[in-house]
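# Structural characterization, general
Residues per chain are reported as follows:
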Amino acid sequence: MKKTNLKKYVDYITAEAEKLLAVDSPTGYTENIAKLVMKEFSDLGFKPEKTVKGGVLVKLSDGVDGAKNGAKSKVGKKAEKKGGLLLEAHADTLGAMVSKIKPDGRLEITNLGGMNANNAEAENVRVVTKFKGILEGTCQLVNASIHVNGKYNDTKREWSAMEIVLDEDIKSDKDALKLGVGVGDIVCFDPRTKITKSGYIKSRFLDDKLSVAILLGYAKYLKETGVETDRPVWAYITVYEEVGHGGSSSVPEGITEGISVDMGCVGEGLSCTERQVSICAKDSGGPYSYEVVKALEEAAKKSGADYAVDIYPFYGSDVEATLRAGHDIMHGLIGPGVYASHGYERSHRDGAENTLKLLLGYTV
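Values in this document were obtained by computation on a predicted structure and should not be read as measured data.

Secondary structure assignment for the chain yields 10 helices and 19 strands. In summary, the chain has a C-alpha radius of gyration of 22 Å against a globular reference of 21 Å for 364 residues, a match within 12%. Each principal axis of the C-alpha atoms in the chain carries an extent, and together these give about 70 × 40 × 40 Å. Put simply, of all contacts in the chain between residues at least 6 apart along the chain, 76% involve residues at least 24 apart.

For the rest of this paragraph, the subject is the side chain of E16. With respect to the helices, strands and loops of the structure, E16 is situated in helix α1 (residues 7-21). We classify E16 as buried; its relative accessible area is 4%. E16 has contacts with E40, A213 and L216, leaving out every residue within four places of it along the chain.

This part covers the side chain of H90. Here H90 shows up in strand β3 (residues 84-90). Among the polar contacts made by the side chain of H90, one reaches the main-chain carbonyl oxygen of D92 at a distance of 2.9 Å. Separated by 3.0 Å, the side chains of H90 and D207 make a polar contact. Those residues within four positions of H90 in sequence are excluded, and the remaining contacts are D207, D208, K209, V212, I237, T238, E241, E242, D262 and D318.

Moving on, we get to the packing of aromatic side chains. Under the definition given, this model contains 3 aromatic pairs. With 5.3 Å between their ring centres and 65° between their planes, Y9 and Y221 make a pair best called edge-to-face. Highlighted residues: Y9 in helix α1 and Y221 in helix α7 (residues 206-225), separated in sequence by 212 residues. Taken individually, Y9 and Y221 each receive the classification buried, so the pair is uniform in this respect. Taking NZ or CZ as reference, R346 lies 4.0 Å from the ring centre of Y200, over its face.

Next up on the list: the nonpolar core. F41, L60 and F189 are the most contacted members of the largest nonpolar core, which totals 96 residues. Sort the elements by how many residues they give to this core and α7 lands first, with 11 residues.

Packed helix pairs are characterised by how far apart their axes lie and by the angle those axes make with each other. Direction vectors running N to C along helix α2 (residues 31-43) and α7 enclose 20°, while the axes themselves pass 10 Å from each other. Compared by their axis directions, α2 and α7 come out roughly parallel. Crossing geometry of α2 relative to α7 is assigned as right-handed. Touching I33, V37, E40 and F41 of α2 are K209, V212, L215, L216 and A219, all from α7.

This paragraph deals with helix α10 (residues 349-363). If you check α10, its first and last C-alpha atoms are 21 Å apart, about what 15 residues at 1.5 Å a residue would give, namely 21 Å. Among the residues of α10, G351, A352, N354, T355, L356, L358, L359, L360, Y362 and T363 are the ones counted as buried.

Once that is clear, we can look at the pattern of salt bridges. A side chain with one charge can pair with a side chain of the opposite charge if their charged atoms come near. Summed over all chains, the structure comprises 21 salt bridges. Close ionic contact of E121 with R157 constitutes a salt bridge, the shortest N to O distance being 2.9 Å. You can see E121 sitting in the loop between α5 (117-120) and β6 (123-128) and its partner R157 sitting in the loop between β7 (134-141) and β8 (162-166), a full 36 residues away along the chain. Between E274 and R346 there is a salt bridge, with the nearest N and O atoms lying 2.6 Å from each other.

Most of strand β12 (residues 233-238) is tucked away: 6 of the 6 residues are buried. Burial along β12 is two-sided: V233, A235 and I237 and W234, Y236 and T238, pointing in opposite directions, are all buried. Summarising the sheet, strand β2 (residues 56-61) and β12 pair through 5 bridges and their orientation is antiparallel. Paired with K59 across the two strands is W234, which belongs to β12. Of the strand pairs in this sheet, β3 and β12 are connected by 6 bridges, and their pairing is parallel. In the sheet register, H90 faces β12, and the bridge partner there is T238.

With respect to the secondary-structure elements, I279 resides in strand β15 (residues 277-283). For I279 and V292, which are 13 residues apart along the polypeptide, the C-alpha to C-alpha distance reads 10.0 Å.

Turning to the state of the cysteines, a few remarks are in order. Should the sulfur atoms of two cysteines be covalently bonded, the bond is a disulfide. Applying the stated rule across the entire model yields 0 disulfides. In this structure C265 is a free cysteine whose sulfur lies 7.2 Å from that of C280, the closest cysteine sulfur available. Residue class for C265 comes out buried when judged on its relative accessible area of 11%.

The rules behind each value
- Residues numbered from 1 in each chain as written.
- Predicted model: local features only at pLDDT ≥ 70, side-chain atom pairs only at ≥ 80, totals over all residues.
- Heavy atoms only, no water.
- Helix = DSSP H or I, 4+ residues; strand = E, 2+ residues; numbered from the N terminus.
- Rg over C-alpha atoms; globule rule 2.2 N^0.38 Å.
- Contact = heavy atoms within 4.5 Å.
- Buried < 20%, exposed > 50% of the residue type's maximum accessible area, 1.4 Å probe, protein only.
- Polar contact = N/O pair within 3.5 Å; in protein donor to acceptor, adjacent residues only side chain to side chain.
- Phe/Tyr/Trp six-rings, centres within 6.5 Å; stacked < 30°, edge-to-face > 60°.
- Lys NZ or Arg CZ within 6 Å of the ring centre and 35° of its normal.
- Core = buried A, V, L, I, M, F, W, Y, C linked by side-chain atoms within 4.5 Å.
- Axes fitted to C-alpha atoms, helices over the stretch in contact; angles between N-to-C directions.
- Parallel < 35°, antiparallel > 145°, perpendicular 65-115°, else oblique.
- Left-handed = near helix turned anticlockwise from the far one by under 90°.
- Expected span 1.5 Å × (residues − 1).
- Salt bridge = Lys/Arg side-chain N within 4 Å of Asp/Glu carboxyl O.
- Pairing = 2+ DSSP bridges.
- Disulfide = S-S within 2.5 Å.

And the structure:
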């Protein structure tokens, strides 16, 4: 891959991430985000398809074998015989669901995915009722007034101790029911997206909307430059990753390798920062394909991507769901470094750029 100024693509990625983050999409409530992703790929000149499950699948490149102009890869004939590559990112996020309407009209909730009650307290929410629109409210500790609750500091933050207080004149469960609230309604947490002058990107749900935006930036680069990848490449934007089965279906024929483009972990004991791309060697599901990890590291070096290789102790990815579903592929996991995962997350433009560099270095 020849050196290219990627600033405009990073600008595009940042803008796309902000746009995606503004659309609520907890697992199970992803139709709106899928429509947006479909539109963005279509606007770039691709032909995305929506899967029955609700994800978005789009072919980004035929590879050198399928190139109409007969272009050849720099890496030679060996690359021309590679099977297809599936790049998986997910548009579903953490959230909650109404599990009970209390007698006083406040709402008990159950988490969707790995949403943690400690990170949900005092956040603004939107409750999507099934038939009467959206209501606003706040996720609070039960009896949240410090001047009244003498056990405030001692209360363990768990879902049974939390409730949704709707911003409506509600005094009873009957009042809530009249507004259309019901068990199974989706609770969406405010992402509070902010992009700083210094290039930091702060928001809930950078996991994994930042990487969805990176795949859109990658697609934009391929379309505008006209370069051919060394194999057929597909993007698959899944919508059930946070509950473990996002990548388990809809794998196109001919795919021999899958790479999850998700968040890279940043934290104690790991070497990655928010300004780097992380290559995961192993997570809770076991090791990633040694050959893929090695090739990703080689590509990072050649492309000049600032990277780290780490092991994530408490992590699972879409591509592991693909393997568990029985697909015979090699697999890997990369992503921009993200701090405070599943909380109020933070990454950086540099992390997005280095992830894009790695993707290009690995495929072009």
